[in-house]
Protein chains: 2
Amino acid sequence: MTGLLEDTIAAIGPLDAAAVAAARERQGLLTKPSGSLGRLEDVSVQLAGIAGQCPPPLPEPAVVAVFAADHGVHAQGVSPWPQEVTAQMVANFVASGAAVNAIATQAGASVCVVDVGVAADLPTAQGLLSRKVRPGTADMTEGPAMTLEEARLAVETGIKVAADLVEEGNRCLITGDMGIANTTASAALIAVFTGSTPALVTGRGTGIDDPTWARKVEVVRRALELHRCDPAAPLGTLSAVGGLEHAALAGFILGGAARRVPVLLDGVIACAAAVAARAFAPQVADYLIAGHLSTEPGALRALDALGLQPLLDLGMRLGEGSGAVLALPVVAAAARVLRDMATFDSAGVSSEKA
Amino acid sequence: MTGLLEDTIAAIGPLDAAAVAAARERQGLLTKPSGSLGRLEDVSVQLAGIAGQCPPPLPEPAVVAVFAADHGVHAQGVSPWPQEVTAQMVANFVASGAAVNAIATQAGASVCVVDVGVAADLPTAQGLLSRKVRPGTADMTEGPAMTLEEARLAVETGIKVAADLVEEGNRCLITGDMGIANTTASAALIAVFTGSTPALVTGRGTGIDDPTWARKVEVVRRALELHRCDPAAPLGTLSAVGGLEHAALAGFILGGAARRVPVLLDGVIACAAAVAARAFAPQVADYLIAGHLSTEPGALRALDALGLQPLLDLGMRLGEGSGAVLALPVVAAAARVLRDMATFDSAGVSSEKA
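Not measured: the values here are computed from a predicted model.

**A closer look at the overall build of chain A**
The secondary structure content of chain A amounts to 15 helices and six strands. Expected size for 354 residues packed as a compact globule is a radius of gyration near 20 Å; at 20 Å, chain A falls within 12% of this value. Dimensions of chain A, computed from C-alpha atoms along their principal axes, come out at roughly 70 × 45 × 40 Å. Relative to its full complement of 354 residues, chain A shows a buried share of 64%. The long-range fraction of contacts in chain A, counting pairs at least 24 apart against all pairs at least 6 apart in sequence, stands at 76%. Across chain A, the centroid of the 24 positively charged side chains sits 3 Å from that of the 35 negatively charged ones.

What follows is the structure, encoded as structure tokens:
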């Protein structure tokens with residue numbers, strides 16, 4: 001079978017080795033002790049490899065795409081929040097009242113919201129893309145969350161959103177998400193793609209109590225037992241236990257990598273989408289920057305599997321893209337250092353004695 | 001004895017309890033699960049307590065003050081870099097070619113350089129304040145680094161710089177530093193003020209090899225044995241084993257706190273100055289935000305003593321203020337969240353079920 005998904009996977013190549021080498025060499029010439037900027041140096045080298053040029057362009061403009069969807073598994077009592085909060089929060093994003101809006105404003109990023117599966121009819125609004133694949137998933141404990149065709153459609157929706165945002169000039173894509181109960185689907189996906197047990201990757205989401213957590217672990221366990229997902233079959237796994245926003249985010253990640261634009265990952269929902277994306281295209285991890293470490297336990301398992309180290313670790317667990325966009329200035333500073341700093345030669349600064 | 005230093009210490013009061021309580025309460029009303037923004041919530045509450053209002057003003061404009069000075073202990077072979085690099089780097093800062101310039105530009109902060117003791121006559125330049133107390137310290141292994149009067153003058157210079165920058169409208173002060181061999185003086189200061197042994201708080205600075213590190217530890221040990229500093233006597237300790245930039249930074253920190261402006265700390269030099277400042281005025285720590293964790297071991301010891309947790313941990317060890325100004329957008333985001341986010345009531349978002 002061929003289509004947008006397969007073409008996108010095929011377009012994801014390795015980092016540009018010449019640009020990587022040039023960036024690493026240039027870091028050694030800048031007016032600072034070698035290695036003294038730590039992770040900033042590594043990020044700058046990665047950005048050069050992604051863009052295929054040294055110095056790489058600044059990751060500007062940057063955009064947070066908040067993919068919103070609902071979850072049939074909400075019926076299993078995995079969250080104390082009513083499902084209508086998903087739609088209410090979409091309205092809050094559009095009105096610029098949410099955390100991701102405040103942080104994005106600070107970081108100089110824009111926010112767009114993508115309805116890929118909210119279980120309500122949403123009024124049209126500036127900044128809201130209507131890309132509903134279906135009005136929420138089915139309950140994964142009773143059957144597949146969605147059909148294979150719907151999973152593909154959601155992934156390809158994410159690819160198209162990434163392509164459109166890059167086409168509009170964005171040079172950094174930031175993952176965002178909204179969906180009451182979506183940490184349950186995240187736990188199931190991360191369990192499959194990292195080979196973890198449900199208890200290890202199921203977290204407290206918005207802050208649930210012990211009995212609710214125990215129920216949530218049992219829900220994930222039952223879903224995994226029902227579907228017996230194959231981690232080498234990402235579309236099948238997404239259709240069985242995924243969310244529509246997870247599928248779309250997996251496509252968004254693949255789409256950014258295919259267009260050689262860095263993708264800044266938020267918390268556990270983004271991490272679940274990223275391990276799915278890696279199952280489609282192993283090389284995709286080279287294009288990812290982990291913005292922060294969510295307190296959700298699945299995030300760390302997924303980042304380990306992806307070989308990514310988060311930039312920030314501030315005890316955040318909100319989602320929406322809030323932690324990723326908070327890390328944007330760090331990524332931008334990495335690019336700016338490589339582009340703007342003087343070298344020992346150009347500044348007339350003496351080197352250390354051999 | 002009374003003077004600017006004593007008046008400044010007397011002006012440092014506790015955080016505003018009413019603003020702290022109001023900020024904590026407002027965090028609970030914003031459209032997010034309680035506590036889900038982690039450290040951002042704590043920072044916003046601290047900023048409210050510092051400013052005495054909720055929401056607090058954004059930390060803008062912000063300025064990095066890079067205090068530059070030389071060190072007589074350089075003669076003991078503690079660094080492979082020639083001393084003239086201090087003056088050369090001052091020229092690099094003024095020409096906007098250093099890391100701190102690139103990162104400050106990204107973060108929207110300005111940079112000012114303060115010559116508080118460079119061992120060379122520096123040409124006047126835009127952005128360079130000539131506040132030389134003496135042209136570098138004396139070698140602390142042979143006698144006091146400076147006189148008590150010079151230490152006081154350097155501290156009061158830092159207080160005045162802070163006062164002037166706040167007077168000019170700055171709402172966030174960021175510590176910066178430059179001085180070849182200044183990690184040696186930092187280690188000595190941190191050893192005194194935290195009661196640590198030299199080997200525990202002496203690091204590799206710009207990246208020295210094992211023999212140089214061993215020599216550096218021995219240099220610190222000899223200096224401490226010679227001076228037998230009293231940690232309850234910060235002016236005496238600064239004059240014995242400090243640097244002119246450490247003394248000025250201690251004053252800068254006190255000056256910011258006295259004017260109820262947050263002070264964002266950089267790495268080990270700033271941490272050494274901060275433990276000295278705390279010896280002058282214990283309450284000063286409430287006004288400090290640790291921008292990042294330097295890889296220098298003394299930084300962690302000092303931050304522990306101050307009760308501060310760093311915002312970033314990116315393996316950086318450059319100084320100049322580079323790590324602190326990199327954290328500025330996080331601090332600003334914390335303030336912006338508290339100021340700009342909608343509440344559950346105002347946005348019409350349902351709360352979780354009890």
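That shown, we press on.
**A closer look at the packing of helix α7 (residues 182–194) of chain B against helix α12 (residues 268–280) of chain B**
Residue and element names in this part refer to chain B. Contact geometry for α7 and α12: axes closest at 9 Å, N-to-C directions at 35 degrees. Between α7 and α12 the crossing geometry is left-handed. Across from N182, T183, S186, L189, I190, F193 and T194 in α7, the residues of α12 making contact are V268, I269, A272, V275, A276 and A279. Split into classes, the residues belonging to the contact of α7 with α12 amount to nine nonpolar, four polar and no charged.

**Regarding the nonpolar core**
Ranked by size, the top nonpolar core spans 116 residues in total, and within it I174 of chain A together with I174 of chain B carry the most contacts. Beyond its immediate stretch of four places on either side in the chain, I174 of chain B contacts A62, V63, V64, A65, A109, F252, L264, G321, A324, V325 and L328 of chain B. Core analysis: the next-biggest nonpolar cluster, separate from the first, contains 78 residues, I12, A151, C271 and A285 of chain B among them.

**So, the pattern of salt bridges**
Overall, the coordinates contain 26 salt bridges over all chains when judged by the stated rule. The partner of K32 of chain B in a salt bridge is E41 of chain B, with the nearest N and O atoms 3.0 Å apart. A network of salt bridges, in which partner residues are shared, links E60, R336, R339 and D340 of chain A.

**Re the side chain of Q27 of chain A**
All names here are of chain A. Mapped onto the secondary structure, Q27 falls in helix α2 (residues 17–29). Given the relative accessible area of 3%, Q27 is considered buried. At 2.8 Å, the side chain of Q27 forms a polar contact with the side chain of S44. When near neighbours in sequence (up to four residues on either side) are disregarded, Q27 contacts K32, E41, S44, V337 and L338.

**Quick notes on the packing of helix α1 (residues 4–11) of chain A against helix α11 (residues 244–258) of chain A**
Residue and element names in this part refer to chain A. The geometry of α1 relative to α11 is characterised by a closest axis approach of 8 Å and an angle of 45 degrees between their N-to-C directions. Here α11 runs oblique to α1, going by the angle between their axes. The two elements α1 and α11 cross, and the hand of that crossing is left-handed. Of the residues in α11, those in contact with L5, T8 and A11 of α1 are L254, G255 and A258. In the contact of α1 with α11, the residues fall into four nonpolar, two polar and no charged.

**Digging into the relation of the copies chain A and chain B**
Superposing chain A onto chain B requires a rotation of 180 degrees together with a translation of 0.0 Å along the rotation axis, leaving an RMSD of 0.0 Å. As the rotation angle and translation indicate, the two copies are arranged about a two-fold axis. Most of the interface of chain A is mirrored in chain B, where 100% of its interface residues are also at the interface.

**Digging into the sheet that holds strand β2 (residues 110–117) of chain A**
Residues and elements named next belong to chain A. Taking strand neighbours across the sheet as the criterion, the six strands line up as β3-β2-β1-β4-β5-β6 in an open arrangement whose pairing is parallel. Edge strands, defined here as strands with exactly one partner in the open sheet, are β3 (128–130) and β6 (288–290). Averaged over neighbouring strand pairs, the angle between their axes works out to 30 degrees when direction is ignored. For β2 and β3, the ladder comprises three bridges, and the chain directions are parallel. Counterpart to V113 in the pairing with β3 is L128.

**Looking at the pairing of strand β1 (residues 62–69) of chain A**
Residues and elements named next belong to chain A. The element β1 is extensively covered by neighbouring structure, given that eight of its eight residues are classed as buried. When β1 meets strand β4 (residues 172–178), the two strands line up parallel, connected through seven bridges. For V63, the partnering residue across the bridge sits in β4 and is L173. As defined by bridge partners, β1 adjoins β2 across seven bridges and the pair is classed as parallel. Bridge pairing in β2 places V63 opposite S110.

**Examining the interface of chain A and chain B**
Contacts between the two partners involve 54 residues from chain A, matched on the other side by 54 residues from chain B. With both sides pooled, the region where chain A packs onto chain B buries about 4600 Å², and carbon together with sulfur makes up 65% of that total. Summed over the three residues of chain A that lose the most area to chain B, namely W81, Q106 and L314 of chain A, the buried surface amounts to 14% of that side. Scanning the region where chain A abuts chain B turns up zero salt bridges. Counting every contact that joins chain A to chain B gives 14 residue pairs in polar contact (both at pLDDT 80 or more). Those elements that place two or more of their residues in the side of chain A that touches chain B are α3 (39–51), α4 (85–94), α5 (99–107), α14 (322–340) and α15 (344–347) of chain A. It is α14 of chain A that provides the largest number of residues to the side of chain A that touches chain B, a total of nine residues.

**Here we look at the packing of aromatic side chains**
Aromatic rings in a pair are described by how distant their centres are and how their planes are angled relative to each other. Within the structure shown, the criterion is met by four aromatic pairs over all chains. With centroids separated by 5.3 Å and ring planes inclined at 65 degrees, the aromatic side chains of F67 of chain A and F252 of chain A adopt a geometry described as edge-to-face. Of this pair, F67 of chain A sits in strand β1 while F252 of chain A sits in helix α11, and the two are 185 residues apart along the sequence. Just as F67 of chain A is buried, F252 of chain A falls in that class too. Centre to centre, the rings of F344 of chain A and W81 of chain B are 5.8 Å apart; their planes meet at 25 degrees, and the pair counts as stacked. Linking F344 of chain A in helix α15 with W81 of chain B in the loop between β1 (62–69) and α4 (85–94), this pair reaches from one chain into another.

**Some thoughts on the environment of A347 of chain A**
Relative to the helices and strands, A347 of chain A is located in helix α15. A347 of chain A has contacts with T31 and A342 of chain A together with N92 of chain B, leaving out every residue within four places of it along the chain.

**Regarding the confidence of the model for chain A**
When pLDDT is averaged along chain A, the result is 97; 99% of the residues meet or exceed 70. For this predicted complex, the interface confidence reaches an ipTM of 0.97, while the overall pTM sits at 0.98.

**Some details on helix α11 (residues 244–258) of chain B**
All names here are of chain B. The end-to-end C-alpha distance of α11 is 21 Å, a good match for the 21 Å that 15 residues give at a rise of 1.5 Å each. Counting buried positions along α11 yields 14 of 15 residues, so the element is predominantly enclosed. Just past α11, the residue R260 takes up positive phi, approximately 55 degrees.

**Examining the sheet that holds strand β5 (residues 263–265) of chain B**
All names here are of chain B. Reading across the sheet, the six strands line up as β3-β2-β1-β4-β5-β6 and stay open at both edges, with parallel pairing between neighbours. With one partner strand each, in any of the chains shown, β3 (128–130) and β6 (288–290) form the two edges of the open sheet. The average angle at which neighbouring strand axes cross in this sheet is 30 degrees, direction not considered. Pairing geometry for β5 and β6, over three bridges, is parallel. When the sheet's bridge partners are listed, V263 is paired in β6 with L288. Each of β1, β2 (110–117), β3 and β4 (172–178) is contacted by α4, which is oriented at about 140 degrees to β4, the strand it contacts most. Strands β1, β2, β4, β5 and β6 of the sheet are contacted by α11, whose axis makes an angle of about 180 degrees with β4.

Cut-offs used in this document
- Residues numbered from 1 in each chain as written.
- Chains lettered and ligands numbered in written order.
- Predicted model: local features only at pLDDT ≥ 70, side-chain atom pairs only at ≥ 80, totals over all residues.
- Heavy atoms only, no water.
- Helix = DSSP H or I, 4+ residues; strand = E, 2+ residues; numbered from the N terminus.
- Rg over C-alpha atoms; globule rule 2.2 N^0.38 Å.
- Buried < 20%, exposed > 50% of the residue type's maximum accessible area, 1.4 Å probe, protein only.
- Contact = heavy atoms within 4.5 Å.
- Lys, Arg positive; Asp, Glu negative; His and termini not counted.
- Charge placed at Lys NZ, Arg CZ, Asp CG, Glu CD.
- Axes fitted to C-alpha atoms, helices over the stretch in contact; angles between N-to-C directions.
- Left-handed = near helix turned anticlockwise from the far one by under 90°.
- Nonpolar A, V, L, I, M, F, W, Y, C, P; charged D, E, K, R; others polar.
- Core = buried A, V, L, I, M, F, W, Y, C linked by side-chain atoms within 4.5 Å.
- Salt bridge = Lys/Arg side-chain N within 4 Å of Asp/Glu carboxyl O.
- Polar contact = N/O pair within 3.5 Å; in protein donor to acceptor, adjacent residues only side chain to side chain.
- Parallel < 35°, antiparallel > 145°, perpendicular 65-115°, else oblique.
- Least-squares fit on C-alpha atoms with pLDDT ≥ 70 in both.
- Pairing = 2+ DSSP bridges.
- Buried area = accessible area lost by both parts, 1.4 Å probe.
- Phe/Tyr/Trp six-rings, centres within 6.5 Å; stacked < 30°, edge-to-face > 60°.
- pLDDT = per-residue confidence, 0-100.
- Expected span 1.5 Å × (residues − 1).

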